[in-house]
Every structure is written in C-alpha cells, then in structure tokens.
Amino acid sequence: MAEPTYRACEILAQFLVRITGTRITYIGEENIPERGGAVIAINHTSYVDWLPAALAMHRRRRRLRFMIKAEMQNVKLVNFLIKQNGAIPVDRNAGAGAYAVAVQRLREGEVVAVYPEATISRSFELKEFKTGAARMAVEADVPIVPVIVWGSQRIWTKGHPRQLGRNKVPITVAVGPPLHAARDISVTDQVLREAMTALLDRAQQYYPHPAGEYWVPRRLGGSAPTMDEARQMDADDAAAKAAGRIPHESR
C-alpha cells in the first residue's frame with residue numbers, strides 16, 4: 001500500500017530531525033518484526049516521543065498506527081492526517097470502539113502504538129500501567145514489543161516550555177525482544193514492565209544527565225519530581241480539570 005500522505009509525513013519527520021540537529025540512536029531495532037501484527041508499547045515522557053518511535057519502525061519498513069485523542073478530529077488538518085495515516089481516534093469516555101478497531105488492525109498485520117502509562121510521566125520514571133496493551137495482544141494473538149524513547153522530554157514535556165529549533169538534543173530509542181502475551185493479564189503487564197524497566201536502564205546508561213536538570217529523574221541527580229510527587233501533581237490536575245479550572249491536554 002503506497003499511502004502517499006504517510007510517506008510525506010515520514011520525509012517531513014526525517015527533515016525536521018535533520019534541521020533541528022536531533023541525534024537519534026537506535027538500539028535493538030532488529031527486534032521490530034518485519035511483518036505481522038504487534039503491539040508497540042512505548043513509554044511516555046513527552047509530547048513528541050511518538051516521532052522517534054515512528055522513525056524506528058520506518059527503519060524496519062513498518063508504519064506505526066497511533067491511537068489518538070478523538071477531540072483532535074476537530075482540527076481539520078489533524079483530522080485529515082488521522083484519516084490518511086490510519087490513526088485510531090479514541091473517545092476516552094467510550095473507548096470500546098477504538099479498542100475493537102485496534103485489535104482488528106493487529107489481526108490484519110499492522111503495528112499499533114500503545115502508551116501503557118496512558119499519560120506523560122512527570123517523574124520520567126515508568127508510571128503504573130493500564131491493561132490495554134496486554135489485552136489487545138491477547139485478543140489479537142500478537143506479541144508486544146517494548147520500546148523506550150529517552151531524551152525527547154528535553155524538547156517538549158508537561159509543565160515546561162517547548163525547546164524547539166536547532167537544539168541538537170540526543171535521543172535514544174531502545175527496542176526489546178517481542179514478548180508473548182500470557183492469558184493472565186497481570187502476568188503480561190508484569191513481564192512488560194520488567195522489560196521496559198530494563199530497557200530504560202539501558203537507554204540511560206550512556207546518556208549524559210547533568211545534575212539538577214528538570215528533565216533528569218531524581219534518582220539520577222536531577223530535579224524532576226519523585227514518583228510520589230508526580231502522582232500528587234497528576235491528582236491535582238485531574239481534580240482541577242473535573243472542576244473546569246484548566247483545559248484538557250492535547251494528548
């Protein structure tokens with residue numbers, strides 16, 4: 001399938017990486033299946049971690065189908081891209097439809113991106129996982145491929161200004177071996193979490209982490225919130241949104 005719009009987006013993404021001087025290091029890309037359906041489980045630290053993940057898939061000649069917030073269909077350009085690029089709109093108040101579409105895409109041999117944490121981690125550590133990735137993999141009878149994107153939080157993350165332009169930020173994309181989804185969802189979630197934790201440690205091992213930087217986890221000497229602090233910040237945000245005091249996030 002030619003998918004000219006997707007191809008144009010791939011070229012644009014590569015161009016943006018080049019002009020911003022972003023340096024992406026890929027680890028374990030051979031673990032991305034060359035064919036067949038797979039759930040691509042990605043950690044979530046920024047608003048742009050989807051782009052390095054998609055480029056990793058491109059290197060294996062795969063096209064990643066993202067699940068995207070349904071409200072984004074109200075933006076004409078985004079709605080056009082959703083339709084042309086095979087993205088899956090998700091209504092967070094009624095997600096069963098999107099889930100069914102994702103399972104069908106997996107059965108058809110597509111690779112579908114899922115953020116197990118659902119929302120951005122302010123601590124840049126792995127948050128608690130939702131069960132969607134495991135349930136999809138079991139129902140579609142496909143593997144889960146764990147993926148860690150590290151460094152993109154320096155470009156644009158929750159609660160901090162965007163650092164766009166020629167920033168030359170290094171980004172690491174680490175891909176682990178495909179995991180077989182067990183029927184016991186809790187077991188699958190635990191195995192996935194262990195795999196992503198090991199990948200995160202590997203991605204961070206040779207990455208420079210200046211002391212005190214906001215994008216560096218506390219355990220590595222940074223000033224990011226601890227997991228407990230981040231959890232409280234998320235709870236405060238949720239309460240404020242429920243009260244209508246702050247707008248909903250774009251993702």
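Further up the page is the structure itself.
Residues numbered from 1 in each chain as written. Predicted model: local features only at pLDDT ≥ 70, side-chain atom pairs only at ≥ 80, totals over all residues. Heavy atoms only, no water.

What follows is about the overall build of the chain. Helices and strands together make up the secondary structure of the chain, namely seven helices and seven strands. Listing every helix and strand of the chain by position from the N terminus yields α-β-β-α-β-α-β-α-β-α-β-β-α-α. Taken over the C-alpha trace, the chain has a radius of gyration of 18 Å; the compact-globule value for 251 residues is 18 Å, and the two agree within 12%. Here the analysis covers contacts within the chain between residues at least 6 apart in sequence; of these, 73% occur between residues at least 24 apart. Charge centroids of the chain, computed over 34 positive and 26 negative side chains, lie 7 Å from each other. (Helix = DSSP H or I, 4+ residues; strand = E, 2+ residues; numbered from the N terminus. Rg over C-alpha atoms; globule rule 2.2 N^0.38 Å. Contact = heavy atoms within 4.5 Å. Lys, Arg positive; Asp, Glu negative; His and termini not counted. Charge placed at Lys NZ, Arg CZ, Asp CG, Glu CD.)

Bringing unusual backbone geometry into the picture now. The phi dihedral of R61 falls on the positive side, at around 60 degrees, and the residue is not glycine. Along the chain, R61 turns up in the loop between α2 (50-58) and β3 (64-69). The backbone of D141 sits at a positive phi, close to 60 degrees, despite the residue not being glycine. Inspection of the secondary structure puts D141 in the loop between α5 (132-140) and β6 (144-150).

For the coordinates displayed, the defined rule picks out three aromatic pairs. Between W50 and F66 the ring centres are 6.3 Å apart and the planes differ by 85 degrees, which places this aromatic pair in the edge-to-face class. A residue pair is termed long-range when its members are at least 10 positions apart, and W50 in helix α2 and F66 in strand β3 qualify at 16 residues. For W50, a relative accessible area of 31% gives the class partly exposed. With a centroid separation of 6.0 Å and 80 degrees between ring planes, the pair formed by Y207 and W215 is classed as edge-to-face. The same class applies to Y207 as to W215, namely buried. We note R162 situated over the ring of W156; from NZ or CZ to the ring centre the distance is 4.8 Å. (Phe/Tyr/Trp six-rings, centres within 6.5 Å; stacked < 30°, edge-to-face > 60°. Buried < 20%, exposed > 50% of the residue type's maximum accessible area, 1.4 Å probe, protein only. Lys NZ or Arg CZ within 6 Å of the ring centre and 35° of its normal.)

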